[in-house]
Amino acid sequence: MKILIQKTKPKDFLITENITRETFWNLFKPGCDEHLVLHNLRKSNCYISNLDLVALSENKIVGHIIITNAKVVDTKNKEHQVLCVGPISVHPEFQKKGIGTILLNESIAIAKKLGYSVMILFGHPDYYHRFGFVNAQNYGITTKEGMNFEPFMALGLYPNALAAMSGKFYEDKAFETNEEELNEFENLFPKKEKGKPKIDINH
Ligand SMILES: CC(C)(COP(=O)(O)OP(=O)(O)OC[C@H]1O[C@@H](n2cnc3c(N)ncnc32)[C@H](O)[C@@H]1OP(=O)(O)O)[C@@H](O)C(=O)NCCC(=O)NCCS
């Protein structure tokens, strides 16, 4: 299968939001809010159009990744610019064919070329270790609540990129959604039934 990666065009914003919704629906909770997060990231100052990418197969969008500006704040209140990866989605019918790998590798290459230093994400360790992501604890980076756990990972984009950085990670405010705006946003999409989550994130 030939996969082409390109920047997401504004005309494809709603399509990618729908793919994100299809991918995350009932995955970690009943329904999902990742499509609204994606929508709000695009309206935020953290947005980087060069790191909003689609994967195309035969001219059809089958996957998407967004990477946005975020920060690590150290104990002296100094802010270090980092990148926050996600949401990343490969349409359920196209998963396990290598598309996620292509999307991530291409994003990492673009981010390096643009001079960014560090990527941070929450995800499945087995999947992201292969790209070089490791538990952020190794670099003295915690969540904004001061927590560390295996799915919270960091990747340096050049040697020693993480050496001079430690502190708490703050992603953009767009990651916080509320029920009211989610319910209103849902009106733009075909109705879907909420159900039992496929993955229990607490285990
Ligand atoms: C996580 C996600 C983005 C990965 O994308 P993907 O395209 O399915 O990933 P890949 O195909 O690159 O890799 C997945 C697996 O398929 C395997 N694979 C890759 N190419 C393959 C091929 N041609 N044939 C068979 N298997 C293949 C990989 O080795 C990997 O195996 P493993 O993880 O079981 O060891 C996708 O599954 C997804 O959208 N999941 C739901 C949303 C989510 O959890 N997003 C991440 C959190 S933000």
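It should be noted that the structure appears before, not after, this text.
All values reported here derive from a predicted model rather than from experimental measurement. (Residues numbered from 1 in each chain as written. Predicted model: local features only at pLDDT ≥ 70, side-chain atom pairs only at ≥ 80, totals over all residues.)

## Here we look at helix 2 (residues 34-43)
Piece 1. The buried count for helix 2 comes to eight of ten residues, which makes it a mostly enclosed element.
Piece 2. Looking at helix 2, one finds that the buried residues are Glu34, His35, Leu36, Val37, Leu38, His39, Asn40 and Leu41.
Piece 3. Buried positions along helix 2 lie against helix 1 (13-24), strand 3 (60-73), strand 4 (79-90) and helix 5 (179-186). (Buried ≥ 20, exposed ≤ 12 C-beta atoms within 10 Å, placed from the backbone. Helix = DSSP H or I, 4+ residues; strand = E, 2+ residues; numbered from the N terminus. Contact = placed C-beta atoms within 7 Å.)

## What about the packing of helix 1 against helix 2?
Piece 1. Two elements in contact, helix 1 and helix 2, have axes whose closest approach is 7 Å; the angle formed by their N-to-C orientations is 150 degrees. Here helix 2 runs roughly antiparallel to helix 1, going by the angle between their axes. The handedness of the crossing between helix 1 and helix 2 is right-handed. Contacts from Phe13, Thr16, Glu17, Thr20, Arg21 and Phe24 of helix 1 reach helix 2 at Glu34, His35, Leu38, His39 and Arg42. (Axes fitted to C-alpha atoms, helices over the stretch in contact; angles between N-to-C directions. Parallel < 35°, antiparallel > 145°, perpendicular 65-115°, else oblique. Left-handed = near helix turned anticlockwise from the far one by under 90°.)

## Let's talk about unusual backbone geometry
Piece 1. Note the cis peptide between glycine 86 and proline 87, where omega equals 0 degrees.
Piece 2. Structurally, the position occupied by proline 87 is in strand 4.
Piece 3. Although it is not a glycine, glutamate 58 sits at a positive phi angle of roughly 45 degrees.
Piece 4. Positionally, glutamate 58 belongs in the loop between strand 2 (52-57) and strand 3.
Piece 5. In this structure glutamate 58 comes out as exposed when scored by C-beta crowding, with 9 C-beta atoms within 10 Å.

Distances and angles like these do not, on their own, reveal function.
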